[in-house]
Amino acid sequence: MGRSLTNTVYNLGLEGEYADALRQLGYDMEKVADAERDAALGNGGLGRLAACFLDSIATLDLPGWGYGIRYKYGMFKQVLKNGYQAEQPDIWLTSGNPWEIRRDGLRFEVGFGGRVERKKDGNKEVTVWTPSEKVWAQAYDNPIPGFSTPTTSNLRLWDAQPISEFDLGAFNAGDYDRAMLDRERAEAISAVLYPNDSTPEGKELRLKQQYFFVCASLQDVLSRFKATHGTKFELLPDKACFQLNDTHPTIAVAELMRLLVDVEGLDWDAAWTITTKCLNYTNHTVMPEALEKWPVKVMAKMLPRHMEIIEVINEGWTKWLGGHLKELKAEERAKRISAMSIIHENPWNKEEMLVNMAYLAVVGSSAVNGVAAIHSNIVKDEILNDFYQIFPSKFQNKTNGVTPRRWLAWCNPELASLITETLGSNEWINDTEKLSALRAHASDPTFQKKWAAVKHAKKEKLAALIKKIHGDSVNTNALFDIQIKRIHEYKRQYLNVLSIIWRYKQLKKMTPEQRKKAVPRVCLIGGKAASAYDMAKRIIRLVTAVGDVINKDPETKDLLSLYFLPDYNVTLAETIIPAAELSQHISTAGTEASGTSNMKFQMNGCLIIGTWDGANIEIAEETGVDNVFVFGVRADEINQLRKERKNFKTDPRWDEIMKDIEGGMFGDKDYFKPLVDSVNNMKVGNDWFLVANDFAAYLDAQEEVDKVYKDQSEWLRRSIMYTAGSGKFSSDRTIREYAEDIWHVKPSRPAA
Ligand code: CR1
């Protein structure tokens, strides 16, 4: 969510009054705003997208809420220790969170483990689940005010609390640890976002978290539904729907069935009709590690009733599928059924059975969508192709968007004023399509000058931040070149660093005369590596190690510097993005579902160097493909190139850099060896993300960047064209599409 104060004050249109009031009390708005800590509720694009969606839902007067977990420590706070990532707890709640409202009395019981029994209730057989462990889910509400409307949406977060406060008996018997045990076990559930799941305990905890928040959220909605409609559950699909944000909440399919059948007493078929009408699933990634599959063993232990329900769903589903495919030959049909079974073998361990949560979601939902056009096609044609063939009409695309309030109007008020002044009104804040009128000014030298002045002021502000973090003064006449996102091999921060090394080597070879003609660059990289993701941590170290060498080189440091910005978060992004001139979105084609920072950079007039991937494609279409530095192989070539790995001939410049890293040019050569080996050993399976394949094309694209930057009027023209072409990428547009095509909800504004 980032910070709330400024966003709230601006969304409510109270900025002047609020700043005045603070001043009268002796406080300065900026300083007060700076005292707020970012909420530690998310970690990357998935969560920030949800935050933008809430802003749009409120702004568009739509009746929608967000649900999640009130993580006490977030994921982690990233610090650098001698250039390596170290993780510390992010204790964002210790000084209190003035934005949350604890809803006393609003709590639901959530159970885990235990046993399932069949009992007679009159002549009806009922199923009774007796969990062995129970916790409370306590509601905390976080208001989300819309812009220019009285509508305020809500983010309801669940905090896990023990059912029994304290075991006085155990305490009196001297067993102090046991006296606190329930509290500790409960609190672990809402302690950390994405706990390390490389241990079985970690895996269990994640499933526990997912069930915890799904169970509480569904009970919450059902209890509100019942308050108005009693037990007329056939009305539920008209009154409520749930958008499952990736596979994490997909246990909702089984939980809604359990609530309707076991708790409310509906018969199975009626419950199934309601469930499938109420649920929808968004796929946010093609990375196999994020398409969750829970071992049946873990599920059966933690959620025994849900495991049964999933088995029954799967039986019904595969039976239905058999009928649907009756034209096929028996053998072929059996193959298809087994490939589409929700419960299947672990391909790497035949002993283990898995529950495929994406399959469960598709079978249990009305609509399934991807988050950019190319991604939705990959979902249809590859990831879930079998299902697409059966249910073509379930599959949709909803290209992501970002809120123009936080990501342009409020984080870049200088640019916002210039736009408003030029367009004659600020209506673009609610209707970003109006930004297209800037195209008419793109080549106007007077306008370009004003545009450039804003960018320069934002660069000065970012330079001050770099100075504060690293103690160095960077050249603010240099091109500010930025890559901020989670560190992942598919996002290829590695490729970026390799090209920086190449640039450095070129600069070193130049004469002082030649250097005068070089385009100076300040390169910034930021993002967190998952705590157990070894390769990503090595990439961070490579960034800091290269930075250590080049930032200290007196010959070149004004022409090239590289800094890693630790603990990248929303607030940092609000300073970085307005200052960026070039941003990097260089994932291997077909791997980045959408990306959303690309849209934020675009809105702020930042040029993009990128692959033909995710939303980059649509951004290029809206901006003019020639205005974007596109490079690299296309998604449809990837499979073949991966197969041809061992015949691949690397570029001589690549070989040289690999030798430099291996030879210790940046120190730490043993630590970097696995990194070099991961891309440099040309056998099938290595360099999975095709860094070597795209290297030469990337260097060419970077050269093109320099060339255009030297022609400032062309650069500025393109910069203006980016903002002018960003209208499509407002989350208002995305949310309107969800509202119309999937949720079937209409705006309704509360009476003033
Ligand atoms: C994707 O990686 C996309 C966001 C929001 C991420 C990114 O490309 O922009 O979702 N997926 O749709 C993700 O975090 C767990 O999956």
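Residues numbered from 1 in each chain as written. Predicted model: local features only at pLDDT ≥ 70, side-chain atom pairs only at ≥ 80, totals over all residues. Heavy atoms only, no water.

Selection rule: UniProt positions are given in the numbering used here, feature names are shortened, and annotations may be inferred rather than shown by experiment.
Identification of the protein as Alpha-1,4 glucan phosphorylase from Edaphochlamys debaryana is taken from an unreviewed UniProt entry. For the protein, the Sequence similarities (unreviewed entry) comment in UniProt is given as "Belongs to the glycogen phosphorylase family." Of the protein, the UniProt comment under Catalytic activity (unreviewed entry) reads exactly: "[(1->4)-alpha-D-glucosyl](n) + phosphate = [(1->4)-alpha-D-glucosyl](n-1) + alpha-D-glucose 1-phosphate".

Regarding the overall build of the protein
Where we set the bar: By the criteria applied, helices consist of DSSP H or I runs no shorter than four residues and strands consist of E runs no shorter than two, each listed in order from the N terminus. All radius of gyration figures rest on C-alpha atoms, and the globule criterion is 2.2 Å times the number of residues raised to 0.38. Only protein chains enter the accessibility calculation, which uses a 1.4 Å probe; a residue is then buried when its area is under 20% of its type maximum, exposed when over 50%, and partly exposed in between.
Helix and strand counts for the protein come out as 31 helices and 21 strands. Relative to the compact-globule value of 27 Å for 752 residues, the protein shows a C-alpha radius of gyration of 27 Å, a close match. Projected onto the principal axes, the alpha-carbon positions of the protein cover approximately 95 × 70 × 65 Å. Per-residue burial over the protein gives 57% buried out of 752 residues.

Notes on empty space enclosed by the protein
Unoccupied space between atoms shows up once a probe the size of one water molecule is rolled over them. Selection rule: Buried and open spaces are told apart on a 1 Å grid over the protein atoms alone, a cavity being a set of points where a 1.4 Å probe fits but cannot get out and a pocket being an open set with protein on both sides within 12 Å along at least five of seven lines. Residues with an atom within 4 Å of a point are the lining residues. Grid points are joined across faces, edges and corners, and a volume is the space filled by probe spheres set on the points. For this scheme, ten residues count as nonpolar: Ala, Val, Leu, Ile, Met, Phe, Trp, Tyr, Cys and Pro. Four count as charged, namely Asp, Glu, Lys and Arg, and the remainder, Gly too, count as polar.
Per the stated rule, a full pass over the model turns up four cavities of 30 Å³ or more. Within this model, the largest cavity holds a volume of roughly 70 Å³. Looking at the largest cavity, the residues that line it are Lys485, Lys491, His585, Ile586, Ser587, Glu592, Ser594, Gly595, Asn598, Asp613, Gly614 and Asn616. Its residues placed into classes, the lining of the largest cavity shows one nonpolar, seven polar and four charged.

As for the packing of aromatic side chains
How we decide: Whether two aromatic rings pair depends on their centres lying within 6.5 Å, for rings of Phe, Tyr and Trp, where Trp uses its six-membered ring; planes under 30 degrees apart make the pair stacked, over 60 edge-to-face, and the rest tilted. Charge-over-ring contacts are defined here by two conditions on Lys NZ or Arg CZ: a distance within 6 Å of the ring centre and an angle within 35 degrees of the ring normal.
On inspection of all chains with the given rule, the structure shows 25 aromatic pairs. Here the aromatic rings of Trp317 and Phe387 are separated by 5.7 Å at their centres, their planes lie at 15 degrees, and the arrangement is stacked. One end of the pair, Trp317, is in helix H12 (residues 304–324); the other, Phe387, is in helix H16 (residues 385–390), with 70 residues separating them in the sequence. Each member of the pair, Trp317 as well as Phe387, carries the same accessibility label: buried. Seen from their ring centres, Trp320 and Phe391 are 5.8 Å apart, and the 15 degrees between their planes marks the pair as stacked. Taken as a pair, Trp320 in helix H12 and Phe391 in the loop between H16 and strand S15 (395–397) lie far apart in primary sequence, 71 residues in all. Ring-pair connections join several aromatic residues into one group, and the members of that group are Trp317, Trp320, Tyr359, Phe387 and Phe391. Residue placement shows Lys528 over the ring face of Phe76; its charged tip is 5.3 Å from the ring centre. Positioned above the aromatic ring of Tyr84, the side-chain terminus of Arg541 is 5.0 Å from the ring centre.

Some points on the UniProt feature "modified residue: N6-(pyridoxal phosphate)lysine" (unreviewed entry) in the protein
Applied cut-off: Residue contacts follow a heavy-atom distance rule, with two residues in contact if any of their heavy atoms lie within 4.5 Å.
If you check UniProt for "modified residue: N6-(pyridoxal phosphate)lysine" (unreviewed entry), the listed places come out as Lys600 in our numbering. Its location among the elements puts Lys600 in helix H24 (residues 597–603). Under the relative-accessibility criterion, Lys600 is labelled buried at 6%. If we ignore the near neighbours within four places in the chain, the residues touching Lys600 are Arg48, Val402, Trp407 and Ile577.

Let's talk about the state of the cysteines
As a reminder of what qualifies: Disulfide assignment relies on a single distance test, namely cysteine sulfur atoms paired within 2.5 Å.
According to the stated counting rule, one finds zero disulfides in the structure shown. Cys52 takes part in no disulfide bond, and the closest cysteine sulfur, belonging to Cys411, lies 11 Å away. Not engaged in a disulfide, the cysteine Cys215 finds its nearest cysteine sulfur in Cys278; these two sulfurs lie 16 Å apart.

Some remarks on the site of the ligand
To keep it simple, the criterion reads: Being near a molecule or strand, for a residue, means having at least one of its heavy atoms within 4 Å of it. Between N or O atoms, a polar contact is any pair within 3.5 Å; within protein, one atom must be a potential hydrogen donor and the other a potential acceptor, and residues adjacent in sequence are included only when both atoms are from side chains. Surface exposure here means Shrake-Rupley accessible area, sampled with a 1.4 Å probe, where a residue is shielded only by the protein chains that are shown.
Close contacts around the ligand come from 14 residues, with His284, Asn400, Glu592, Ser594 and Gly595 the closest. Here an oxygen atom of the ligand sits 2.7 Å away from a polar atom, N or O, in the side chain of Glu592. Ala593 places a polar main-chain atom, nitrogen or oxygen, 3.4 Å from an oxygen atom of the ligand. Expressed as a share of its isolated accessible area of 390 Å², the protein-covered part of the ligand is 88%. Split into classes, the residues belonging to the shell around the ligand amount to five nonpolar, seven polar and two charged.

A word on the pairing of strand S6 (residues 124–130)
Keep this limit in mind: Criterion used throughout: strands pair if DSSP finds at least two bridges between them.
Here seven bridges tie strand S5 (residues 115–121) to S6, and the two strands are oriented antiparallel to one another. Its bridge partner lying in S6, Arg118 is registered against Thr127.

A word on the side chain of Ser730
Along the chain, Ser730 falls in the loop between helix H30 (712–724) and helix H31 (731–743). On the basis of relative accessible area, Ser730 is assigned to the buried category, the value being 2%. Every residue in contact with Ser730, bar those within four places of it in the chain, is listed here: Gly401, Val402, Pro404, Thr432 and Met603.

Observations concerning the environment of Val298
Note on placement: Val298 falls in helix H11 (residues 296–302). A residue is classified by how much of its surface remains accessible, and Val298, at 16% relative accessible area, is buried. Spatially, the C-alpha atom of Val298 lies 6.8 Å from that of Glu204, the residues being 94 residues apart in sequence. Setting aside its immediate chain neighbours within four residues, Val298 contacts Glu204 and Leu207.

What to know about a nonpolar patch on the surface
Which entries qualify depends on this criterion: Residues enter patches when their relative accessible area tops 30% and they take part in no salt bridge; the joining distance is 9 Å for like charges and 5 Å for the nonpolar side chains Val, Leu, Ile, Met, Phe, Trp and Tyr. For this document, the term salt bridge refers to a Lys or Arg side-chain nitrogen within 4 Å of an Asp or Glu carboxyl oxygen.
A grouping of Phe166, Leu168, Phe171, Tyr176 and Met180 is seen on the molecular surface, where their side chains present a nonpolar patch of about 460 Å² in accessible area. Listing elements by their share of the nonpolar patch, those giving two or more residues are helix H5 (168–172) and helix H6 (176–189). Tracing the sequence through the fold places Phe171 in helix H5. Looking at Phe171, the relative accessible area reads 34%, which means it is partly exposed.

With respect to the side chain of Arg541
Here Arg541 shows up in helix H22 (residues 534–550). Judged by relative accessible area, Arg541 falls into the buried class, the value being 10%. Those residues in contact with Arg541 that sit more than four places away from it in its chain are Asn82, Gly83, Tyr84, Asp548, Asp668, Tyr671 and Phe672.

Notes on the packing of helix H20 (residues 493–509) against helix H29 (residues 691–710)
What counts here: Under this scheme, a helix contributes an axis fitted over its contacting stretch, all axes are lines through C-alpha atoms, and angles between N-to-C directions fall in the 0 to 180 degree range. The scheme is simple: roughly parallel for angles under 35 degrees, roughly antiparallel for over 145, roughly perpendicular for 65 to 115, oblique for anything else. Each crossing is labelled by how the near helix is turned from the far one, with a counterclockwise turn of less than a right angle marking it left-handed and a clockwise turn marking it right-handed.
Following both chains from N to C, one finds H20 and H29 inclined at 55 degrees, their axes separated by 10 Å at the closest point. One way to sum up the angle between H20 and H29 is to call them oblique. Relative to H29, the crossing made by H20 is right-handed. Contact residues: Leu495, Asn496, Leu498, Ser499, Trp502 and Arg503 in H20; Val691, Asp694, Phe695, Tyr698, Leu699, Gln702 and Asp706 in H29. By residue class, the composition of the contact of H20 with H29 is seven nonpolar, three polar and three charged.

Thoughts on the nonpolar core
Note the cut-off: To form a nonpolar core, buried Ala, Val, Leu, Ile, Met, Phe, Trp, Tyr and Cys residues must be joined to one another through side-chain atoms within 4.5 Å.
By size, the foremost hydrophobic cluster in this structure holds 118 residues, and its most contacted members are Trp451, Leu462, Tyr494, Leu498, Val546, Ile661 and Trp715. With residues near it in sequence (within four places) discarded, Trp715 still touches Leu479, Glu581, Leu582, Leu607, Phe629, Val705, Val708 and Tyr709. Counting residues in hydrophobic clusters, the runner-up holds 89 residues, among them Phe76, Met257, Ile343 and Phe387.

Description of the sheet that holds strand S9 (residues 242–245)
On the basis of which strands lie adjacent, the open sheet formed by four strands has the order S9-S10-S14-S15 and parallel pairing. Edge strands, defined here as strands with exactly one partner in the open sheet, are S9 and S15. With direction set aside, neighbouring strand axes in the sheet form an average angle of 30 degrees. Looking at chain direction, S9 and strand S10 (residues 279–282) are connected through four bridges and run parallel. Residue Gln243 lies in a different strand from S10, and its bridge partner there is Asn280.

With respect to the packing of H20 against helix H27 (residues 652–662)
The geometry of H20 relative to H27 is characterised by a closest axis approach of 10 Å and an angle of 95 degrees between their N-to-C directions. For the element pair H20 / H27, the angle class is roughly perpendicular. For the pair H20 and H27, the contacting residues are Tyr494, Leu498, Ile501, Trp502 and Lys505 in the first and Arg653, Trp654, Glu656, Ile657, Met658, Asp660 and Ile661 in the second.

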